[in-house]
Amino acid sequence: MVQQNASKESGGFILFFLIGLVGALAVGWLLFPALLYSEKQQPIAFNHKAHVENAGMACEDCHSYRENGSFAGLPTTEQCAECHMDVTGGETPGEKEIDRFVTEYVQAGKQVDWLVYQYQPDNVYFSHIAHDGFACAECHPDVGNSEVPPSLYRNRITGYSKNTMKMWQCERCHAQLETSNGCQVCHK
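Every value quoted in this text rests on a predicted model; they were computed, and no experiment measured them.

Colleague: Could you clarify how one ought to interpret a nonpolar patch on the surface in this entry?
Modeller: On the surface, Phe13, Ile14, Phe17, Leu18, Leu21, Leu25, Val27, Trp29, Leu30, Leu31 and Leu35 cluster together to form a nonpolar patch covering roughly 1200 Å² of accessible area. For valine 27, the position within the fold is in helix H1 (residues 2–36). For valine 27, a relative accessible area of 43% corresponds to the partly exposed category.

Colleague: Please clarify how unusual backbone geometry should be interpreted in this entry.
Modeller: Negative phi is the rule for most residues except glycine; trans is the rule for most peptide bonds. Here glutamate 178, not a glycine, exhibits a phi torsion of approximately 55°, which is positive. Mapped onto the fold, glutamate 178 is located in the loop between helix H6 (167–176) and helix H7 (183–186).

Colleague: Would you mind going over the pattern of salt bridges with me for this structure?
Modeller: Opposite charge on two side chains makes pairing possible when the charged atoms of those side chains draw close. Enumeration according to the criterion identifies 3 salt bridges in this entry. We note a salt bridge from lysine 96 to glutamate 91, for which the minimum N-O separation is 3.9 Å. Here glutamate 97 ties to arginine 100 by a salt bridge, and the two come within 2.7 Å at their closest N and O atoms. Highlighted residues: glutamate 97 and arginine 100, both in helix H5 (residues 93–106), separated by 3 residues, approximately one helical turn. Three or more residues are tied together by salt bridges with common partners; here these are Glu97, Arg100 and Glu104.

Colleague: Any chance you could explain the environment of valine 116 here in plain terms?
Modeller: Considering the arrangement of structural elements, one finds valine 116 in the loop between H5 and strand E2 (152–155). Taking the relative accessible area as the measure of exposure, valine 116 reaches 31% and is therefore partly exposed. What valine 116 contacts, discounting residues up to four positions off in sequence, is Leu74, Leu152 and Ser161.

About the criteria used
- Residues numbered from 1 in each chain as written.
- Predicted model: local features only at pLDDT ≥ 70, side-chain atom pairs only at ≥ 80, totals over all residues.
- Heavy atoms only, no water.
- Patch = residues over 30% accessible without salt bridge, like charges linked within 9 Å, V, L, I, M, F, W, Y side chains within 5 Å.
- Areas by Shrake-Rupley, 256 points an atom, 1.4 Å probe, with all protein chains shown as cover.
- Salt bridge = Lys/Arg side-chain N within 4 Å of Asp/Glu carboxyl O.
- Helix = DSSP H or I, 4+ residues; strand = E, 2+ residues; numbered from the N terminus.
- Buried < 20%, exposed > 50% of the residue type's maximum accessible area, 1.4 Å probe, protein only.
- Contact = heavy atoms within 4.5 Å.

Here's what the structure looks like:
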């Protein structure tokens, strides 16, 4: 009789443990990320794939370097307007998006507030020109093949994107290539 009660008690404990474990996993995998990251969309549904495949553009055509090799940022409205100065009047989703860009930004003389997927902390100096032999998608999300820009997930606490390159990723690549991992290489 005592042995049956002990068996029932341990069975009840295991059931509560499993319920608690499943609950903790659900909170950790589903609820916590949803609370930690806010989801944002680019102001214009820019079709990278169409610009690469149809217009033959390269990443550097819009994402250039400064003289010191650092990233110069994102294209200005004036740069985009070199090709998209006038509304198309078209009916396809792409043409409608171009028309929205022209009316809301080009004609209004307003810059597009593009979202940066991999904004680095201020204490990090990353020279793109030093990494010029690598394909962009080796470090960045492969947006060059996207028809619709991916969502940006911004950490509500740090303000950085979920896709911001992590220090361990830089260190691993430097180690594999037998390049210096000294602090002064990336931190100025």
